[in-house]
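Residues per chain are reported as follows:
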Amino acid sequence: KQEVTQIPAALSVPEGENLVLNCSFTDSAIYNLQWFRQDPGKGLTSLLLIQSSQREQTSGRLNASLDKSSGRSTLYIAASQPGDSATYLCARRVEDSSYKLIFGSGTRLLVRP
Amino acid sequence: GAVVSQHPSWVICKSGTSVKIECRSLDFQATTMFWYRQFPKQSLMLMATSNEGSKATYEQGVEKDKFLINHASLTLSTLTVTSAHPEDSSFYICSASSERLAGGLRVKYFGPGTRLTVT
């Protein structure tokens, strides 16, 4: 079964903290892994996409890593801000031609001022 | 970046009626469109994949006669929830994919979602 698990389910931190969100997947046959942000009642905003041949991607205060052998990806957020409060979803694309994305259940992040 | 729109953004309908949700790629031609459903505090679950001009491929457990998908053009896909029931109340999100964008990496762009409430 192609499962994607995200830990923790919810996280509350004070502003300014560095934090790490975790994503694990059971099948190492991965084409790419993507991190998304979802604000309440809204669609998805793509943050970072890591191809299977890559180990990490960076965008501003965000850094995502991928370890296929252990089936894990992490999203690192530096110097968190209240505006970072949202649900963060990771999704893996299966290594076939269907272009399907398997999503994790998300981590709900609250950054307190 | 590429823009995908959905209409309506929210809809309330009575049990037993049908409701249509539109998904449009505004500035690119989407060869493939995907429909997802998201229940509160849960993740997105893929419902079906549709390619322009062909029948949609439904995921296991999704009733194709209840969730009608029409991908009539390279910029428009519609999802019709037929004979809706309260358990169909959910957040429906579409995404569109194109090989021509992002250097052929087949990146998917997501719509803002449609909140369906069936009373």
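Above this text sits the structure in question.
For every chain, the first residue of its written sequence is number 1, and the numbers climb from 1 along that sequence. Think of it this way: whatever chain is written first is A, whatever ligand is written first is 1, and the rest follow in order. Under the rules for a predicted model, residues below a pLDDT of 70 receive no local features and side-chain atom pairs below 80 are neither given nor counted, while totals for whole chains, interfaces and linings still include all residues. The side-chain quantities take in all heavy atoms of the structure and omit both hydrogens and water.

Trainee: Got a sec to walk through the overall build of chain A? Specific residues and values, please.
Mentor: Along chain A, the regular secondary structure elements total 0 helices and 11 strands. Only runs of H or I of at least four residues qualify as helices and only runs of E of at least two qualify as strands under DSSP, and these elements are numbered from the N terminus. Beginning at the N terminus, the succession of helices and strands in chain A can be written as β-β-β-β-β-β-β-β-β-β-β. Taken over C-alpha atoms, the radius of gyration is set against a globule rule of 2.2 Å times the number of residues to the power 0.38. Computed over its C-alpha atoms, the radius of gyration of chain A comes to 13 Å, within 12% of the 13 Å expected for a compact globule of 113 residues. C-alpha atoms of chain A, sized along the principal axes, occupy 45 × 30 × 20 Å. The 113 residues of chain A split such that 44% are buried. In this analysis, two residues are considered to be in contact whenever any of their non-hydrogen atoms come within 4.5 Å of each other. For chain A, long-range pairs separated by at least 24 residues make up 54% of all intrachain contacts whose partners lie at least 6 apart in sequence. Summary of the burial criterion: residues with accessible area below 20% of their type's maximum are buried, those above 50% are exposed, and those between are partly exposed, where the area comes from a 1.4 Å probe applied to protein chains only.

Trainee: Break down the interface of chain B and chain A for me, with residues and values.
Mentor: Listed per partner, the contact involves 19 residues of chain B and 19 residues of chain A. Taken together, the two surfaces of chain B and chain A that pack against each other cover about 1500 Å², and 57% of this comes from carbon and sulfur. When a carboxyl oxygen of Asp or Glu is within 4 Å of a side-chain nitrogen of Lys or Arg, the pair counts as a salt bridge. Summed over the shared surface of chain B and chain A, the result is 0 salt bridges. Pairs of N or O atoms within 3.5 Å make up the polar contacts considered here, provided that, within protein, one atom can donate a hydrogen while the other can accept it, and that residues adjacent in sequence are counted only when both atoms are side-chain atoms. Where chain B touches chain A, the interface holds 3 residue pairs in polar contact (both at pLDDT 80 or more). Among the elements that line the side of chain B that touches chain A, the one with the most residues is strand E4 (residues 32-38) of chain B, at 3 residues. The residue makeup of the side of chain B that touches chain A, split by class, is 10 nonpolar, 3 polar and 6 charged. Here's the idea: put two parts together, see how much 1.4 Å probe accessible area each one loses, and the total over both is what we call buried area. Under the scheme applied here, ten amino acids are nonpolar (Ala, Val, Leu, Ile, Met, Phe, Trp, Tyr, Cys and Pro), four are charged (Asp, Glu, Lys and Arg), and all others, including Gly, are polar.

Trainee: Go over unusual backbone geometry, please, and point to the residues and values.
Mentor: Following A:Ile7, the chain continues into A:Pro8 via a peptide bond in cis, with omega recorded as 0 degrees. With respect to the helices, strands and loops of the structure, A:Pro8 is situated in the loop between strand E1 (4-7) and strand E2 (10-14). Geometrically, the link from B:His7 to B:Pro8 is a cis peptide bond, its omega value of 0 degrees lying close to zero. When you line up the elements, B:Pro8 lands in the loop between strand E1 (4-7) and strand E2 (10-13). Although it is not a glycine, A:Ala79 adopts a positive phi angle of roughly 45 degrees. For A:Ala79, the location among the structural elements is in the loop between strand E8 (72-77) and strand E9 (86-94). Positive phi, normally seen in glycine, also occurs at B:Ser83, with a value near 45 degrees.

Trainee: Provide a residue-level description of the side chain of B:Lys66, including the pertinent values.
Mentor: Residue and element names in this part refer to chain B. Structurally, the position occupied by Lys66 is in the loop between strand E6 (57-58) and strand E7 (67-73). Owing to a relative accessible area of 11%, Lys66 belongs among the buried residues under this scheme. For Lys66, the side chain forms a polar contact with the main-chain oxygen of Ser83, separated by 2.9 Å.

Trainee: Tell me about the state of the cysteines, and please be specific about residues and values.
Mentor: One covalent bond between the sulfur atoms of two cysteine residues makes up a disulfide. For the purposes of this analysis, a disulfide is any pair of cysteine sulfur atoms at a distance within 2.5 Å. If you walk through the whole model with that rule in mind, you get 2 disulfides over all chains. Covalently, A:Cys23 is tied to A:Cys90 through a disulfide, its sulfur atoms 2.0 Å apart. With the S-S dihedral at roughly 75 degrees, the linkage between A:Cys23 and A:Cys90 falls on the right-handed side. Of this pair, A:Cys23 sits in strand E3 (residues 19-25) while A:Cys90 sits in strand E9, placing them 67 residues apart in sequence. The same class applies to A:Cys23 as to A:Cys90, namely buried. Unpaired in this structure, B:Cys13 has its nearest cysteine sulfur neighbour in B:Cys94, at a distance of 18 Å.

Trainee: Give me the lowdown on the pattern of salt bridges, citing residues and values where you can.
Mentor: Residues and elements named next belong to chain A. Per the stated rule, a full pass over the model turns up 4 salt bridges over all chains. Close ionic contact of Asp39 with Arg37 constitutes a salt bridge, the shortest N to O distance being 3.0 Å. Judged by its relative accessible area of 17%, Arg37 falls in the buried class. In this structure, the salt-bridge partner of Asp84 is Arg61, at a minimum N-O distance of 2.8 Å. Placement of Asp84 in the loop between E8 and E9 and of Arg61 in the loop between strand E6 (56-59) and strand E7 (62-67) is noted, with a sequence separation of 23 residues between them.

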